[in-house]
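Below, each chain spelled out in residue letters.
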Amino acid sequence: MKKILLLLGVFTFTLANGQKKMLAATPPMGWNSWNKFGCNVSEQLIKQTADIMVSSGMKDAGYEYIIIDDCWQVSRDTAGNIIADPKRFPSGIKALAAYVHSKGLKFGLYSDAGTGTCQNRPGSYNHEEQDARQYAAWDVDYLKFDWCNSQGLDAKVQYTKMSNALRNSGRDIVFSMCEWGTSDPWYWGAKVAQLWRTTGDIINCYDCKENWGGSGWVLILDQEEGLEKYAGPGHWNDPDMLEVGNGKLTFKESKAHFSFWCLLAAPLLAGNDLANMSDTTKNILTNRDAIAIDQDPLGIQGSKKIDQGRFEVWTKPLAGGDVAVIFFNRGETPVDANVSLKSLGINGSFKAKDVWTKKDMGLLTNYKGTIGMHEAVMLRLVKQ
Ligand code: GLA
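Residues numbered from 1 in each chain as written. Predicted model: local features only at pLDDT ≥ 70, side-chain atom pairs only at ≥ 80, totals over all residues. Heavy atoms only, no water.

Enquirer: Please provide a residue-by-residue account of the packing of aromatic side chains, values included.
Expert: Going through the model one piece at a time under the given rule, you end up with 16 aromatic pairs. Plain terms: the ring middles of tyrosine 65 and tyrosine 142 are 5.1 Å apart, the flat faces sit at 50° to each other, and that makes the pair tilted. Of the two residues, tyrosine 65 is situated in strand β4 (residues 65-67) and tyrosine 142 in strand β8 (residues 142-146); the sequence distance between them amounts to 77 residues. Residue tyrosine 142 is classed as buried on the basis of its relative accessible area of 1%. (Phe/Tyr/Trp six-rings, centres within 6.5 Å; stacked < 30°, edge-to-face > 60°. Helix = DSSP H or I, 4+ residues; strand = E, 2+ residues; numbered from the N terminus. Buried < 20%, exposed > 50% of the residue type's maximum accessible area, 1.4 Å probe, protein only.)

Next comes the structure, spelled out in structure tokens:
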């Protein structure tokens, strides 16, 4: 095992009892400010979000990291130290991290490998060691590192620089690369980080596309095909944060989005306003059967097995011989599905449970059902 970890370059840390533990052994779960709040971040928002993470049951369901995305930083002092916005974060970042930690949660920040962030706040270029030391001194647990204002720079070189700086900082900090898949990070990411974005930004829609590169979740899903072999414990493909609860997806689209992120063993970073979350949104985000599929200890990213245009079937092998399956209707009219497990390469005897309706379907050799527009039926096949 040790040899495999060394070969992969996967990060480990030492527990009090001397045992080594892997960073991000399962896909990180938490919340990030960007999708809903953009630059409108503050100490108050982060504290409130941490409070609700606990009171809503999200923490119990596995959500752990509270991550401030862009715009928390305003300048550098004469010694080059990064300065947090004093108006929005009057108590300072260390105190805020302490608050988040007091809730039993972990705390994350955002920076950029270039000279400026995507919102033109100071980037970490040529300040990697200094910033990593600062994050460690503030008790940061997670760093998302973006790629704006990086013209002429080499992604692998720059991300490796920050990765080394974090390793030298004396603190275990999960490193999330956000270079949008532009330098094929799946080939080299496992040696540098625990997760890497695979695409441009997710936006709040099913399948829309913006000129600047943003797209709805279903178009991001299409770009994950073939990347499954690069993911595993401690090194994950990141198809970006969740849009569940941000108001534009239908109920079925939201469930399908969440189902697929779980099947992909994607990081589950909620991106909604927890203070104004409906019960429907909360129930999607805290579906424990779906989360168990995402967090399965084998850490295998699921893949597509059947593609009939508007009808697709995806599967994900799970620990103990179980299998997760998604039957997905991408189209606008219902699909009558009739699929044998054998045709998916699944052999053996299985009992099925519907992850969303919670229905026990008994022994299953063939799935038959009508699937609505943009709906995903997700089953856990339990090996008998
Ligand atoms: C980029 C990233 C986003 C977000 C914004 C912040 O677009 O891909 O996830 O961090 O920058 O400015």
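Enquirer: A description of unusual backbone geometry should follow, citing residues and the corresponding values.
Expert: Unusually for a residue other than glycine, cysteine 71 sits at a positive phi of about 90°. Along the chain, cysteine 71 turns up in the loop between β4 and β5 (73-76). Look at cysteine 71 and you get buried, because its relative accessible area is 1%. Despite not being glycine, aspartate 184 shows a phi value in the positive range, around 45°.

Enquirer: Can you tell me about the state of the cysteines, naming the residues and giving the values?
Expert: Inspection of the entire model under this criterion finds 3 disulfides. One disulfide in the model links cysteine 39 with cysteine 71; its S-S distance is 1.8 Å. Of this pair, cysteine 39 sits in the loop between α2 (34-37) and α3 (43-55) while cysteine 71 sits in the loop between β4 and β5, and the two are 32 residues apart along the sequence. A sulfur-sulfur distance of 1.9 Å marks the disulfide that ties cysteine 205 to cysteine 208. Its S-S torsion of about -90° marks the bond between cysteine 205 and cysteine 208 as left-handed, since a negative value means left-handed. Listing the disulfide partners of the protein chain by sequence rank of the bonded cysteines yields 1-2, 3-4, 5-6. Free of any disulfide, cysteine 178 has its nearest neighbouring cysteine sulfur in cysteine 118, separated by 6.8 Å. The exposure class assigned to cysteine 178 is buried, which follows from its relative accessible area of 2%. (Disulfide = S-S within 2.5 Å.)

Enquirer: Describe the environment of threonine 357, with residues and values.
Expert: By secondary structure assignment, the location of threonine 357 is in the loop between β17 (350-354) and β18 (360-363). For the pair threonine 357 and leucine 379, spaced 22 residues apart in the sequence, the C-alpha separation amounts to 9.7 Å.

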